[in-house]
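# Residue-level structural notes
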Amino acid sequence: MSQATNYDVIVIGTSQGGRFLPIAFAKAGRRVALIERGQLGGVCVNVGCTPTKTMVASARVAYLARRGALYGVHTGPISVDLQAVRKRKQGMVEGAGNNFKSRITAVQGLDLDLLRGEAHFSAPKTLEVSLADGETREITAPLIFIDTGARPKQLTIKGVENVSVLNSTTIMELETLPEHLLIIGGGYIGLEFGQMFRRFGSRVTIIQNHPRLLMNEDEDVSDEVTKIFREDGITVLSGTTPQQVEPLSGGHIHLTVRTPQGEQQLSGSHLLAAIVSPTLKLSAQKLLASTWIRRATSRSMGNWKRTFLVSTRWVMSKVGQLSRTPLMMTSAFCAPTCLNMAAPAYRIALSPTPFSSIPSLGVLA
Ligand SMILES: Cc1cc2nc3c(=O)[nH]c(=O)nc-3n(C[C@H](O)[C@H](O)[C@H](O)COP(=O)(O)OP(=O)(O)OC[C@H]3O[C@@H](n4cnc5c(N)ncnc54)[C@H](O)[C@@H]3O)c2cc1C
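What comes next concerns the included structure. Remember, predicted model here, so these are calculated numbers, not experimental data. (Residues numbered from 1 in each chain as written. Predicted model: local features only at pLDDT ≥ 70, side-chain atom pairs only at ≥ 80, totals over all residues.)

### Quick word on the overall build of the chain
Scanning the chain from terminus to terminus reveals 9 helices and 19 strands. Within the span of the chain, comprising 365 residues, buried residues form 38% of the whole. For the chain, the proportion of contacts with a sequence separation of at least 24, taken over those separated by at least 6, is 63%. (Helix = DSSP H or I, 4+ residues; strand = E, 2+ residues; numbered from the N terminus. Buried ≥ 20, exposed ≤ 12 C-beta atoms within 10 Å, placed from the backbone. Contact = placed C-beta atoms within 7 Å.)

### Here we look at the nonpolar core
The biggest cluster of nonpolar side chains holds 38 residues, and the ones touching the most others in it are Ile-183, Phe-193 and Leu-272. Residues contacting Ile-183, with those up to four places away along its chain left out, are Gly-190, Phe-193, Gly-194, Val-204, Thr-205, Ile-206, Ile-207, Leu-272 and Ala-274. Counting residues in hydrophobic clusters, the runner-up holds 25 residues, among them Leu-34, Ile-35, Leu-115 and Phe-145. (Core = buried A, V, L, I, M, F, W, Y, C linked by C-beta atoms within 7 Å.)

### Some words on helix α6 (residues 219–231)
With 13 residues, α6 ought to run about 18 Å at 1.5 Å a step, and its terminal C-alpha atoms sit 18 Å apart, in line with that. Where α6 is concerned, the buried positions are Ser-222, Val-225, Thr-226 and Phe-229. Along α6, the residues classed as buried sweep out an arc of 100° about the axis, all on the same side. Those residues of α6 that are exposed and aimed more than 90 degrees away from the buried face are Asp-220, Lys-227 and Glu-231. (Expected span 1.5 Å × (residues − 1). Arc of directions from axis to C-beta.)

### Some words on the packing of helix α3 (residues 49–66) against helix α5 (residues 188–200)
Running from N to C, α3 and α5 cross one another at 40°; their axes reach a closest spacing of 8 Å. Two packed elements cross with a definite hand, and for α3 against α5 that hand is left-handed. Together, Thr-52, Met-55, Val-56, Ala-59, Arg-60, Ala-62 and Tyr-63 of α3 and Glu-192, Gln-195, Met-196, Arg-199 and Phe-200 of α5 make up the contact between the two elements. In terms of residue class, the contact of α3 with α5 is built from 7 nonpolar, 2 polar and 3 charged. (Axes fitted to C-alpha atoms, helices over the stretch in contact; angles between N-to-C directions. Left-handed = near helix turned anticlockwise from the far one by under 90°. Nonpolar A, V, L, I, M, F, W, Y, C, P; charged D, E, K, R; others polar.)

### A few points about the packing of α3 against helix α4 (residues 82–105)
Interhelical geometry of α3 versus α4 gives an angle of 140° and a closest axis separation of 9 Å. Crossing handedness for the pair α3 and α4: right-handed. Contacts between α3 and α4 pair Thr-50, Pro-51, Thr-54, Met-55 and Ser-58 from the former with Val-85, Arg-88, Lys-89, Met-92, Val-93 and Ala-96 from the latter. Split into classes, the residues belonging to the contact of α3 with α4 amount to 6 nonpolar, 3 polar and 2 charged.

### Things to note about the sheet that holds strand β9 (residues 165–166)
Reading across from one edge, β9-β16-β10-β11-β12 is the order of the 5 strands in this open sheet, with parallel pairing throughout. Two strands lie at the open edges of the sheet, namely β9 and β12 (235–237), each paired on one side alone. (Pairing = 2+ DSSP bridges.)

### Here we look at the environment of Leu-110
Relative to the helices and strands, Leu-110 is located in the loop between α4 and β4 (112–123). With 83 residues separating them in the primary sequence, Leu-110 and Lys-27 have C-alpha atoms 6.6 Å apart. Aside from chain neighbours lying at most four places away, what touches Leu-110 is Ala-26 and Lys-27.

### So, the sheet that holds β4
Spatially, the 7 strands line up as an open sheet ordered β1-β6-β5-β4-β3-β2-β7, and their pairing is mixed. Either end of the sheet is taken by a strand with one partner, and the two such strands are β1 (5–6) and β7 (143–146). Taken together, the 4 bridges between strand β2 (residues 9–12) and strand β3 (residues 32–36) define a ladder with parallel strand orientation. Considered in β3, the bridge of Ile-10 is made with Ala-33.

### Considerations on the environment of Thr-176
Summarising the element assignment, Thr-176 is placed in the loop between β9 and β10 (180–184). Residue class for Thr-176 comes out exposed when judged on the 10 C-beta atoms lying within 10 Å of it. Note: C-alpha distance between Thr-176 and Asp-81 (95 residues apart in sequence) is 7.8 Å.

### Description of the pairing of strand β15 (residues 262–268)
Looking at chain direction, strand β14 (residues 253–259) and β15 are connected through 7 bridges and run antiparallel. Within β15, the residue paired with Arg-258 across the bridge is Glu-263.

### A few points about unusual backbone geometry
Of note, Leu-214 is a non-glycine position whose phi angle comes to about 45°, a positive value. Structurally, the position occupied by Leu-214 is in the loop between β11 (203–207) and α6. Classification of Leu-214 by C-beta neighbours within 10 Å gives buried; the count is 24.

### So, α5
Note on helix geometry: an α-helix contains 3.6 residues per turn, so any two residues three or four positions apart are oriented the same way. With 13 residues, α5 ought to run about 18 Å at 1.5 Å a step, and its terminal C-alpha atoms sit 18 Å apart, in line with that. A positive phi of about 125° marks Gly-201, the residue just after α5.

Structure representation (structure tokens):
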């Protein structure tokens with residue numbers, strides 16, 4: 001391996017954080033390395049916000065079409081072509097991905113190196129990057145931003161190795177509608193897919209171990225969302241823990257759950273684990289950026305909703321501006337602070353939460 005290359009700033013991950021931060025630093029004359037091991041744009045563009053919202057839009061059209069007569073508009077029988085929905089989604093993701101790429105690559109004359117490969121800490125303030133072409137490069141910087149986000153979490157219940165379990169990425173690649181979708185997880189991701197597939201025409205059951213859906217929201221918000229979901233014909237089992245899963249004939253799935261009333265047996269055609277965990281393998285033991293940046297990034301590794309709230313509060317206290325997702329906010333506004341420039345003034349804003357089902361939620365911060 002050749003000698004380490006020195007940068008002023010290194011950003012690992014090209015998602016919400018990686019979108020603004022490296023450019024802001026590079027524009028301020030810093031030498032910057034941006035590292036990405038997967039697709040440019042990370043979760044949000046490729047397998048998170050953009051594709052789900054595109055599919056949510058299709059589901060809303062199906063919902064409105066079915067209710068057309070209530071508005072005095074008569075249509076024929078409604079059916080959903082999931083392959084067409086998926087194709088539309090893929091087009092949107094491609095467009096958003098290209099946008100992202102051009103943003104990063106079109107920065108002419110800036111000292112910004114995009115390294116395609118996987119980073120891990122090899123020493124204090126030092127990263128080893130295994131590049132896609134097989135080469136390994138060592139790079140160092142006094143400031144290192146860990147923007148490695150979260151990824152779908154594996155389900156760990158008994159029997160899980162014998163069945164096929166979907167996650168938030170693979171469910172968007174289905175070519176046919178599930179007859180009965182069992183969803184483990186009553187947070188934003190589970191709810192978005194639950195409502196979406198119900199509107200496409202599937203039967204849906206949501207299993208939530210917490211007593212409420214959307215447990216990070218106020219109780220009245222959770223109650224209202226639960227009511228709306230039940231009115232839409234979705235079965236919501238809250239305070240319920242999955243115990244065991246077994247395969248049935250025809251690819252169906254048998255799921256045993258413990259509800260507050262006792263054990264219950266469910267069967268479905270598809271099982272979705274709507275849970276995420278941080279990607280922080282690269283290792284907390286060597287987090288070496290400056291203290292407050294470290295706080296921001298390491299908090300941002302947790303549950304993305306919790307992160308959103310924590311980071312919102314944290315960023316508000318530091319730089320006083322609100323935006324959409326945690327590191328996007330952090331990035332957009334911490335660069336000037338890191339560079340000792342004036343921080344933007346405080347601003348009150350109505351910020352949409354990441355929950356894009358109907359009705360949408362808003363948070364006044
Ligand atoms: C299904 C779904 C729907 C969502 N919908 C919304 C929404 O509507 N609105 C919203 O605001 N949020 C939404 N989110 C959340 C949003 O996607 C995340 O908050 C956001 O992507 C977090 O950005 P990030 O920069 O922290 O990390 P990520 O987007 O996870 O990106 C991290 C990047 O780091 C790279 N990386 C990881 N480890 C390494 C390494 N060792 N070396 C090099 N590169 C590495 C990864 O390849 C990835 O590209 C959704 C998430 C999901 C899963």
